[in-house]
Amino acid sequence: MSAPDLVVFHAHITPCDDATTQMGAIGELRQIEDGAIVVRGGKITRIGETERVLSETTLGPETQLLDAGGRALIPGFVDPHTHALHAGRRIPEMQLRQDGRGYLEILQAGGGIQETVRATEAAEDAAIVRATRQRIAQAVAYGTTAVEVKTGYGLTAARETRLLRLLALVRKRAPIAIARTFLGLHAWPMGTSDRAAHLQEMNALLADVAQKELADAVDVFCEEGVFSVEDARAHLEAARAVSLAIRLHADELRPSGGAELAAELGARSADHLLAATDEGLRAMAATGVISVNLPGTAFFLHERPLQAARQREAGVRAALATDQNPGSSPTFSMPMALALAMHTAGFRPAEALLAATRNAAAAVGMEEHRGQLAEGFAADFLLLDDSDYRVLFYAFGMNPVSQVFAGGRQLAQDGNATEEMRQWIDS
């Protein structure tokens, strides 16, 4: 066997490989007080106590050695819900909400999502690709080593097809894993007169999306005033028929039956869930649907986030995401999402860390090779600037991530991108 590429030692490791991942059953996470990991070919080949790992590992002249000095080492964050593919910002909308205008009111008046659709349509392809890569690079600096990116700022078959093509360009030679989600049903296009025909056209597009492997999953904004449960069911059943995974924006502002629909269809996840019913959460738990919590969105929209206590009672499996988007959660910081989950939604540190790593990986179909530190898994990990991973919840609004590794390659240090990341942005 060839020598390892990288050995990190004297680290306080939290592998997040614990057997229990359901809310209500998670205790303290397993720790390796003085641990080491060995990386070869982008994967972890050994993990354990430093003394034993070093004594059983044959180093080579090219092996990189990194003494962690007792700092916390955790899996890289998986951000399972973002809208990073777009042009423009929506700063004035923030002021409208401060003045009492509601999110759906702004959307139905032609603002909100529609504003981003216009900005994205007007932007050059190269500008959108570069801006999206810059957003991902910012996320990496805060510890994200795998990310989901949705379309959704096209709304018509032609414009959404363009975004799928641009997403493929964003992913080209990407130094981190990027999951792709088709969100054609994000809002009704302005001026739509025949809604049934529009839905039929978007449903028909799914066969082409699957055949050309343009996306990994399909999502729908299932919400009163946007797309109904019936609209969402037809679209997601069409997606499932062509072997695309399915997800939902569900019950974000009002109880619309989205959680129940996710359970009925066996979706990978239902996301937001601020207004989900207890019956819906229990149904999700029974069918294995992951609840993706987006506390940054609740914070920005002045809403109460889905509480951890309700998810514990239901026994659902919870994930965390930033929901990075220009209108309701313009943040790239998974540490901020973790802190908000604890301080506004009542998550315990162990629950939140599993939600941002292992459970988040499951929400985007990556659980078999990402989200935890174990032999055979991708060498995606973070070194924090403290020996206790709970600094993530203590130093809110700051970046406690010191070094970021994906596939065993360092991509950021102290909030700054490495040369590899900078070259990818500009390639």
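Parameters at a glance
Residues numbered from 1 in each chain as written. Predicted model: local features only at pLDDT ≥ 70, side-chain atom pairs only at ≥ 80, totals over all residues. Heavy atoms only, no water. Phe/Tyr/Trp six-rings, centres within 6.5 Å; stacked < 30°, edge-to-face > 60°. Helix = DSSP H or I, 4+ residues; strand = E, 2+ residues; numbered from the N terminus. Buried < 20%, exposed > 50% of the residue type's maximum accessible area, 1.4 Å probe, protein only. Lys NZ or Arg CZ within 6 Å of the ring centre and 35° of its normal. Patch = residues over 30% accessible without salt bridge, like charges linked within 9 Å, V, L, I, M, F, W, Y side chains within 5 Å. Areas by Shrake-Rupley, 256 points an atom, 1.4 Å probe, with all protein chains shown as cover. Salt bridge = Lys/Arg side-chain N within 4 Å of Asp/Glu carboxyl O. Lys, Arg positive; Asp, Glu negative; His and termini not counted. Charge placed at Lys NZ, Arg CZ, Asp CG, Glu CD. Core = buried A, V, L, I, M, F, W, Y, C linked by side-chain atoms within 4.5 Å. Contact = heavy atoms within 4.5 Å.

S.K.: Got a minute to help me understand the packing of aromatic side chains in this structure?
M.R.: Working definition: an aromatic ring pair is given by the centre-to-centre distance plus the angle between the planes. Throughout the structure, instances matching the rule amount to two aromatic pairs. Ring geometry for tryptophan 188 against phenylalanine 227: centres 4.7 Å apart, planes inclined by 35°, an arrangement best described as tilted. Of this pair, tryptophan 188 sits in the loop between β8 (177-185) and α7 (195-211) while phenylalanine 227 sits in the loop between β9 (217-222) and α8 (229-241); the two residues are 39 residues apart in sequence, bridging distant segments of the chain. The class for phenylalanine 227 is buried, based on a relative accessible area of 1%. Geometrically, the ring pair formed by phenylalanine 381 and phenylalanine 405 is stacked, given 4.7 Å between the ring centres and 15° between the ring planes. With a gap of 24 residues between them, phenylalanine 381 in strand β14 (residues 381-384) and phenylalanine 405 in strand β15 (residues 401-406) connect regions that are remote in the sequence. Residues phenylalanine 381 and phenylalanine 405 agree in their burial class; the two are buried. Residue placement shows arginine 195 over the ring face of tryptophan 188; its charged tip is 4.2 Å from the ring centre.

S.K.: Sorry if this is basic, but what is going on with a negative patch on the surface here?
M.R.: Where like charges cluster on the molecular surface, the negative patch consists of Glu33, Asp34, Glu49 and Glu51. On the secondary structure map, glutamate 33 appears in strand β2 (residues 32-40). Glutamate 33 gets classed as exposed once you look at its relative accessible area, which sits at 57%.

S.K.: So what exactly am I meant to see when it comes to the nonpolar core here?
M.R.: Burial of nonpolar side chains together is a common tendency in soluble globular proteins. Among the nonpolar cores identified, the biggest contains 103 residues, and Phe77, Ile136, Leu273, Phe347 and Leu384 are the most heavily contacted of them. Contacts of phenylalanine 347, omitting those with residues within four sequence positions, involve Met23, Asn293, Ala308, Gln311, Arg312, Ala318, Ala341, Met342, Ala352 and Ala355. Counting 17 residues, the second largest nonpolar core, distinct from the first, contains Ala11, Ile47, Leu66 and Ala379.

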